[in-house]
Amino acid sequence: MKKSIVFWAIGLSLAMAVAGCSGMKPEAGQVITVGHVAALSGDLALWGQAEKNALSLMVEKINAAGGVAGKQLKIVSYDTRGDAAETAKVAQRLLVRDRAVAIIGPAQSSNAIVMSAVTEPAKTPFIATAASSPKATFDPQANTVRGYAFRAGFIDSYQGSVAARFALRELKAKTAAVVYDAGSEYSTVLADYFAKQYVRQGGKLLANEAFRTNETDFRPLLAKVVQDEPAVIFVPTLHKQAALLVKQARDLGIKAKIIGGDGWSNPEILTLGGPALDGTYFVVQTGLGDPDIQSFVAEYRNRYGQDPVLPNAALAADGLLMLVEAIKKADGADPVKIARQLATLRDMPAVTGRLSIDPLTNSPQNRSAVVQEIRAGKVVFSTKIAAE
């Protein structure tokens, strides 16, 4: 409790520090400054650096084509180290010192929620990349959308719905079980939406079982789950839990198809799970085999000599394209006008496909999702599921 009070106080003090800068105009001259906050060091740097690379690539193209609203774009990136307090600090720096008109990032939902305490009073928008919690753009206490918080990717609940459709329509699995982490909001939200959508679409849910976050022996739970022989098991956990759970399931002789969410997308899962993971699937925002992003993947490879780390690289690019479109519609770089236009974006072309923003959530609506398969120790594209 004490830690949360201190954390709240930090966020409040930062918000007060920038509250007076809401009327600040963009920097003079022919440059529009856009901030970028991401983990550029530490355990999450792989994704943060990919975002930075993608933004640099996109800005070069946009500026070479004449810029936006008659001005050139400039990206200023700061390292959050994946830390919430550092995220708020660098957001303040971007608004006060660098006079950014908007910010791309962060990728973590908890950091996005904290950053909104700075950007909301400053009336300056940010566009989160992979942050998937509904709370990143919607304030549950006020029961209203955060006016200056947006995102480029889909929310957690949507993944659960996509997994249910994939299980029923692609895998033809008429019965299912769910195994989830009761201590994780991410896991519980995906599990809940999968269960509801699976039943709603005609499937029969045979089991819905939870485990504790630090649990490592899933065999008793799995033995209980498979008593009724479900055709598919949905495991919406992070990659380390998923790898261990799947290995134990296969050791028990369980043959059911297994599906996860984007918590599986860490490349480390292949090493941790080994051959047991072959034939499993997981839902992601996008993947290297996604037909809609092939031009972006090719350009990224040509520029950096490696594949983009997804989904962050593509979502950062989408976030920048959202911002560019909003600046055009606002006829300038006023942050308040930009935010208003972001909320009205409809059917705009983005790296990952057509994109529209739901003004009630400031999140993409009717977004397609990619399902990946692990096959022979590699992650391969399985299918792209269009929104309904």
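Provided above is the structure to which this section pertains.
What you see is a predicted model; the values in this text were computed from it and never measured.

**Here we look at the overall build of the protein**
Helix and strand counts for the protein come out as 12 helices and 17 strands. For a compact globule of 388 residues, the expected C-alpha radius of gyration is about 21 Å, and the protein comes in at 21 Å, within 12% of that figure. C-alpha extents for the protein along the principal axes are approximately 70 × 50 × 35 Å. Residues counted as buried form 54% of the 388 residues belonging to the protein. Across the protein, the fraction of contacts at a sequence separation of at least 24, relative to all contacts at a separation of at least 6, is 68%.

**Remarks on the pairing of strand β14 (residues 353-358)**
Burial analysis of β14 places five of its six residues in the buried class, which makes it a mostly covered element. Across three bridges, the pairing between strand β13 (residues 348-350) and β14 is antiparallel. Bridged to M348 within β14 is L355. Adjacent in sequence and paired antiparallel, β13 and β14 are bridged by two residues. Pairing of β14 with strand β15 (residues 363-365) involves three bridges; the strand directions are antiparallel.

**Brief notes about the nonpolar core**
Generally speaking, nonpolar side chains in soluble globular proteins are found buried as a group. In this structure, L73, F296 and M322 are the most contacted members of the largest nonpolar core, which totals 49 residues. For this core, the secondary structure elements donating two or more residues are β1 (31-38), α2 (45-64), β3 (102-104), α10 (294-304), α11 (312-330), α12 (335-342), β13 and β14. Per-element tally for this core: the top contributor is α11, with 12 residues. Those residues in contact with M322 that lie beyond four places of it in its chain are I127, R151, A152, L342, L345, M348, L355 and I357. Counting 26 residues, the second-largest nonpolar core is a separate cluster that includes A249, I254, W264 and V370.

**Looking at the sheet that holds strand β7 (residues 149-151)**
Note on sheets: strands pair through backbone hydrogen bonds, and any given pair is parallel or antiparallel. Here we have five strands laid out as an open sheet, ordered β2-β1-β3-β4-β7, and parallel in their pairing. Every other strand in the sheet has two partners, leaving β2 (72-79) and β7 as the edge strands with one partner each. Going from strand to strand, the sheet's axes swing by 30 degrees on average, the running direction of each strand aside. Sheet topology note: the strand β4 (residues 126-128)/β7 ladder contains three bridges and is parallel. Looking across to β7, one finds that F126 is bridged to A149. Strand contacts of helix α4 (residues 109-122): β1, β3, β4 and β7, with the helix running at about 170 degrees to β4, the strand carrying the most contacts.

**A closer look at the packing of aromatic side chains**
Scanning the model with the defined rule gives eight aromatic pairs in all. Ring centres of F296 and Y300 lie 6.1 Å apart, and the angle between their planes is 55 degrees; this geometry places the pair in the tilted category. Here F296 pairs with Y300, and both are found in helix α10, just four residues apart, close to one helical turn. Exposure class is identical for F296 and Y300. Each is buried. Aromatic ring contacts, followed pair by pair, group F194, Y198 and F234 into a single cluster. Its guanidinium or amino end placed over the ring of Y78, R93 lies 4.8 Å from that ring's centre, counting from NZ or CZ. It is K196 that lies over the ring of Y193; its NZ or CZ is 5.9 Å from the centre.

**Concerning the environment of K52**
Here K52 lies in helix α2. Classification of K52 as partly exposed rests on a relative accessible area of 37%. Sequence spacing of K52 and S77 is 25 residues, and the spatial spacing of their C-alpha atoms is 7.2 Å.

**Details of the pattern of salt bridges**
If charged atoms from side chains of opposite charge come close, those side chains can pair. Here the structure, examined in full by the defined rule, presents 14 salt bridges. A salt bridge links D307 to R301, with the nearest nitrogen and oxygen atoms 2.4 Å apart. A residue is classified by how much of its surface remains accessible, and R301, at 39% relative accessible area, is partly exposed. A salt bridge links E373 to R375; the nearest nitrogen and oxygen atoms lie 2.9 Å apart. Classification of R375 as partly exposed rests on a relative accessible area of 46%. When salt bridges with common partners are traced through the structure, they connect R81, E86 and K89 into a single cluster.

Thresholds, definitions, all that
Residues numbered from 1 in each chain as written. Predicted model: local features only at pLDDT ≥ 70, side-chain atom pairs only at ≥ 80, totals over all residues. Heavy atoms only, no water. Helix = DSSP H or I, 4+ residues; strand = E, 2+ residues; numbered from the N terminus. Rg over C-alpha atoms; globule rule 2.2 N^0.38 Å. Buried < 20%, exposed > 50% of the residue type's maximum accessible area, 1.4 Å probe, protein only. Contact = heavy atoms within 4.5 Å. Pairing = 2+ DSSP bridges. Core = buried A, V, L, I, M, F, W, Y, C linked by side-chain atoms within 4.5 Å. Axes fitted to C-alpha atoms, helices over the stretch in contact; angles between N-to-C directions. Phe/Tyr/Trp six-rings, centres within 6.5 Å; stacked < 30°, edge-to-face > 60°. Lys NZ or Arg CZ within 6 Å of the ring centre and 35° of its normal. Salt bridge = Lys/Arg side-chain N within 4 Å of Asp/Glu carboxyl O.

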